[in-house]
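Coordinate inspection notes
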Amino acid sequence: MSAPAHYEVVIGLEVHAQLLTRSKMFCGCPTTFGAAPNSQTCPVCQGMPGVLPVVNKKAIELAMRTALAFGCRVNPACRFARKHYYYPDMPKNYQISQYEEPLAEEGRLEIDIDGASRTIGIQRLHLEEDVGKLVHEGTLETAQASLVDFNRSGVPLMETVSKPDLRSPEEAAAYLKAFRAVLVFLGVCDGNMEEGSLRCDANVSLRPRGSTTLGTKVEIKNLNSFRNVQRALEFEVKRQAQALDAGEGIRQETRLWEADRGYTRSMRSKEYAHDYRYFPEPDLVPLRIDSRWVDEIQAALPELPRARRQRFVAQYGLPGYDADVLTQSRALGDYYEAVLREPAPSAGADRPKIVSNWVMSELLRVLPGDDERAIATSPIPPRHLAGLLRLIDDGTISGKIAKDVFQKMFDSREDAATIVGREGLTQVADETALGAIVDSVMAANPKAIDDFKRGKTVAKKSLFGQVMKATGGKANPTLVDRLLEDKLAKIQR
Amino acid sequence: MIHQPIHTLADAYRRGDLTPTAVAEAYLARIDALDRRVRAYLTIVREQALAAARESERRWRAGTPRGPLDGAPIALKDVLCTRGVRTTAGSKILDTFVPPYDATVVERLRAAGAVILGKTNLDEFAMGSSTEHSGFHPTRNPWDLTRVPGGSSGGSAAAVAAGMAAGGFGTDTGGSIRQPAAFCGVVGMKPTYGRVSRYGVVALASSLDQVGPFAQDVTDAAHLLGAVAGHDRRDATSIPAPVPDYAAELAKGVAGLTLGLPDEYFIDGMDPDVERAVRAAIEVLKGLGARVESVSLPTTRHALAAYYVILPAEASSNLARYDGVKFGLRVSAHDLVGMESRTRAAGFGAEVKRRIMLGTYALSAGYYDAYYGKAQSVRTLVRREFAAAFARVDLIVAPTTPNVAFKLGEKEDPLSMYLNDVFTIPGNLSGITGVSVPCGFSVSGLPIGLQILGRPLDEARVLRAAYAYEQATSWRGRRPDLP
Amino acid sequence: MIDRKDVEHVARLTRLALTEEELERMREQLNSILTHLDTLRGVDTEGVEPTAHAVDLVNVMREDEVEPCLPQDSMLANAPDRSGELFRVPRIIEE
């Protein structure tokens, strides 16, 4: 469902991501999910009298890493501010956040939509603390009481606000997907939307097509899956279009997406609810982020999947499909390049493609390519795969044997040479030894020799198979072929 | 043994003339006898105090005391959180609150072997200058029970003056240590902002609050400060600078020091007895070899207004957490907003409500720049003026307050109460250090305080000048006439 | 000057249930105090940076290390009302 053609849809997303720190934003309590209620709290994250926050350096650095990946400007001076509103899941009734001097501003994120690429602006990126979890005894409407668990209170959150550059619910969903992929790739957030590690609010407005001024925007909260983002925005676009068509106008408000019922409904409409009374947090001192610190984070920044895919095509001459597969996770791309870095004395120019084939057809047969951990801890490390390929290159084993060796390497975690040596899988490439086997096979198959003499060249294939069988598949096939050729030629003469 | 400074108690413990247990028992007995009239304490921790005293006694016997505070009976303003002991901040809203943690200051005092006698009264959430605005009861001035002890740390000041504690701690946000020290005739010190940890100190205005000692003499003040000062990783505004041995620096004298005398601290309408005593004290310091120069701090007259924007703004934020959800008072209602609004209405007193309203207004949409932003810029001017003055002089000397202790109920109008802090507030706005040391009495027999202000982290020099003055005069021997 | 509506608005913002008399008294007192505070307007602060802190510290941070939490029962001990391991509050009626 899309908006009526006479309106242009304008959407901006605010995404809150829980950062992957071990401890909370302002205290040492752990951030692990699923502990018994109120068992992971202390006076600081419960906002008890007189206690003070101290900034978690890792949270700052994870946010800086994200900001740099989005090409944001990291502000040399930033500070925290208090944002005030009363809600029982927020222990101090103010949230330590950032207001006038956020950590970073002015970045961008590329998204793919309908096969084309679009650049979406990122307005700002800042840090704040999460609130606790509120559950209602019954539904919110019928509850006589609500219950609060402060375990999540104080978990570091990174809020990223996009520019109002998104033009459809589909684009919004594509943005969120791309955004999540970057965060997960960078290792700054686990991206788990079910557990609330990634949460999304949207600002939506409509304007007559061709207009350059923005319409009245409505904030939609509770968009906690890709599907919900798209469904809620589709509903909201339709609602606004109908209201505008009926000449009713749009009220600036916050609406809640009710996923079960498939509609958005108005909440907190009175203006005073938005008077947040920000002021600089006096319990914290400012941050001065100098270029050295920025450079340090930049240097440790991994290449993003998009850029890496392009480089794989350009640098290694890989087909686009291979580059897509190999960059599906950071670990897989790293794995591939680690194999390429290993020595390969007798390999040819087609090595990048050969390695790609092995990774795609063999490694990904036994391991899921999008599982960072599984790839990073593969029982066959890149060094072992490179070793296996060297044995093929120098003729020690055949490509067919190599596939069996690969499975054995996976099962035993041993390297290829060890397995090949122990199990005697080395190709028979000794001309004298092999010549003797060829002779005995020929002596034992006079009928095949006769057939050959009568011009049935297929008899040679049968002899070839006999030799391979006699050597348990270890004979160097090229050599066997040449020996048979020579010996059969002599007989004919 | 009552009215003996802590450093002389330590000498007596060392010699075996006194024991910490006997001294703690004597103080607890005096509290029992006197505090019905003075009402300095909100909570007395008899059993804990005696247990701590017995531990101290064992250490002195074994020859392993932890320092000059080991066995010293002290009183803590009830904004310093004490694990397992209720901490009220003088407010009904925290009547039942028992912190599961110690303030860093309390932790350090326990580690130094101090014997905590109890928690003392204050103006609710330290908002006030008289300790009349406690949520529980007013405290009275030991020198005249019809008068206030000053505030907001009036309980600790009165306890030390009345011999109900050998030393004490308070907090100073706009003068709340120095002013009651002046009114009660004891030594009171506000350290540099960041010198003493604020962790576990119920916050009034976070950018101004600072913990400091009340003492019977300057030597004790040096020991008490030394025990709690220094960096704390739990307070991001705590200064990571080494702590000098304040007591060791005391006897260096004032010869060669330049004292600045600010014209703006001698104003129309101040008590002539106060002006006379302070000017006489400056003569004493001159006689000891100090030079005196006039300095100008013209923004002083706007400091009060800036303070009464910044303080309520920060306080309105700090006090938002008292909502009946997690701890303290709850007045029930059938919905959340009703419960919170009624809890806060019932739990907070009139002055607290006034400042919360004022602060909320000053921060609300459309007024931030006119009030909070403006006040923070005025604050910059106050800081600059002090910095310029301290480029020329070593210390600034001035009255602590414009007048002596007033009668309970005398200052009904909030504004006239606020004027009490006009000489102490600039020190908080600029973050510098200052002490109030007794410098005489009014004709009516009420104590007067001399304020000595110093550069940031220059507590040693401030105390040194206070000590030189104290040793040259006999005021510290005077005690209120209580049985 | 702030009027009665402003006072009510601010009281709502900060969750204070004030009686009719309190609202009126508050209006008078706030106006009297604000008149005094308005003297600040006369101070020339053109180009003067605001001071948020009396200390000049920057970049005070902690390492990302887990420290022991406080036991659950001690963190719940002060609760005015609770339901098992959770703090309990009256129902929330959205404004």
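Below you will find a few notes about this structure. (Residues numbered from 1 in each chain as written. Chains lettered and ligands numbered in written order. Predicted model: local features only at pLDDT ≥ 70, side-chain atom pairs only at ≥ 80, totals over all residues. Heavy atoms only, no water.)

Looking at the packing of aromatic side chains
Here is the rule we go by: What counts as a ring pair is set by centres within 6.5 Å for rings of Phe, Tyr and Trp (its six-membered ring), and what kind of pair is set by the plane angle: stacked under 30 degrees, edge-to-face over 60, tilted for all other angles. Elements are defined by DSSP. Helices are runs of H or I of four residues or more, strands are runs of E of two residues or more, and each kind is numbered from the N terminus. Here's how the labels work: a residue is buried when its accessible area is under 20% of the maximum for its type, exposed when over 50%, partly exposed in between, all with a 1.4 Å probe on protein chains only. Distance and angle both matter: a charge sits over a ring if NZ of Lys or CZ of Arg is within 6 Å of the ring centre and within 35 degrees of the ring normal.
The full count for this structure, using the stated rule, is 28 aromatic pairs over all chains. Aromatic side chains Phe26 of chain A and Phe80 of chain A sit 5.7 Å apart centroid to centroid with 80 degrees between the ring planes, which places their arrangement in the edge-to-face category. In this pair, Phe26 of chain A is assigned in the loop between strand 1 (7–18) and strand 2 (55–56) and Phe80 of chain A in the loop between strand 4 (77–78) and strand 5 (81–84), connecting sequence segments 54 residues apart. Each member of the pair, Phe26 of chain A as well as Phe80 of chain A, carries the same accessibility label: buried. The interplanar angle of 70 degrees and the centroid separation of 5.9 Å between the aromatic rings of Phe125 of chain B and Phe348 of chain B together place this pair among those described as edge-to-face. Of this pair, Phe125 of chain B sits in the loop between strand 3 (115–120) and helix 5 (154–161) while Phe348 of chain B sits in the loop between helix 11 (336–347) and helix 12 (350–363), placing them 223 residues apart in sequence. Against the face of Phe136 of chain B rests Arg86 of chain B, its NZ or CZ located 5.4 Å from the ring centre.

Some details on the environment of Arg15 of chain B
All names here are of chain B. The condition that has to hold: We define a polar contact as two N or O atoms separated by no more than 3.5 Å, with the added condition that, inside protein, one atom must be a possible hydrogen donor and the other a possible acceptor, whereas residues neighbouring each other in sequence contribute only through side-chain atom pairs.
Mapped onto the secondary structure, Arg15 falls in helix 1 (residues 6–15). Taking relative accessible area as the criterion, Arg15 reaches 57% and is therefore assigned exposed. Within the structure, the side chain of Arg15 is placed 2.8 Å from the side chain of Asp17, a separation counted as a polar contact.

Concerning the nonpolar core
The following threshold applies: What makes a nonpolar core is a set of buried Ala, Val, Leu, Ile, Met, Phe, Trp, Tyr and Cys residues whose side-chain atoms join them at distances within 4.5 Å. Pairs of residues are marked as contacts when any of their non-hydrogen atoms sit within 4.5 Å.
Of all hydrophobic cores here, the largest spans 192 residues; its most connected members are Ile74, Phe125, Leu450 and Ile452 of chain B. Per-element tally for this core: the top contributor is helix 10 (residues 300–318) of chain B, with 11 residues. Leave out the neighbours within four places in its chain, and Ile452 of chain B touches Leu395, Ile396, Val397, Thr433, Gly434, Val435, Val437, Val462, Ala465 and Ala466 of chain B. The next biggest cluster of nonpolar side chains, apart from the first, holds 72 residues, and it includes Ala59, Ile220, Ala243 and Val294 of chain A.

Regarding helix 9 (residues 272–287) of chain B
Residue and element names in this part refer to chain B. Short version of the rule: Between the first and last residue of a helix there are one fewer steps than residues, each counted as 1.5 Å, and that sum is the expected span.
Between its first and last C-alpha, helix 9 extends 23 Å over 16 residues, near the 22 Å set by a 1.5 Å rise per residue. Regarding helix 9, the residues found buried are Asp273, Val274, Ala277, Val278, Ala281, Ile282 and Leu285. One side-chain oxygen at the N-terminal end of helix 9 lies 2.8 Å from the backbone nitrogen of Asp273; it belongs to Asp271. Note on helix 9: the residue one or two positions beyond its end, Gly289, has a positive phi of about 110 degrees.

What about the interface of chain C and chain B?
Put simply, the test is: Two parts placed together each lose some accessible area; with a 1.4 Å probe, that loss summed over both constitutes the buried area. Any carboxyl oxygen of Asp or Glu that lies within 4 Å of a side-chain nitrogen of Lys or Arg is treated as forming a salt bridge with it.
The interface is formed by 54 residues belonging to chain C together with 63 residues belonging to chain B. Taken over both partners, the interface formed by chain C and chain B buries close to 5100 Å², and the fraction arising from carbon and sulfur atoms is 67%. Of all residues in chain C, Arg15, Leu40 and Asn78 of chain C bury the most surface against chain B, accounting for 13% of the area lost on that side. Counting every contact that joins chain C to chain B gives five salt bridges.

Structural notes on the interface of chain B and chain A
Note: interface size is frequently given as the accessible area lost on complex formation between the parts. Convention followed: The residue classification treats Ala, Val, Leu, Ile, Met, Phe, Trp, Tyr, Cys and Pro as nonpolar and Asp, Glu, Lys and Arg as charged. All others, Gly included, are polar.
Taken together, the 38 residues of chain B in the interface contact 29 residues of chain A. Considering only the side of chain B, the residues that lose the most area to chain A are Ala236, Arg321 and Lys326 of chain B, jointly responsible for 21% of the buried surface there. The interface formed by chain B and chain A includes one salt bridge. Note that Asp283 of chain A is salt-bridged to Arg198 of chain B, the shortest N-O span being 3.1 Å. The interface formed by chain B and chain A includes 15 residue pairs in polar contact (both at pLDDT 80 or more). Those elements that provide at least two residues to the side of chain B that touches chain A are helix 10, helix 11 and helix 12 of chain B. When the residues that make up the side of chain B that touches chain A are grouped by side-chain class, the tally is 20 nonpolar, eight polar and 10 charged.

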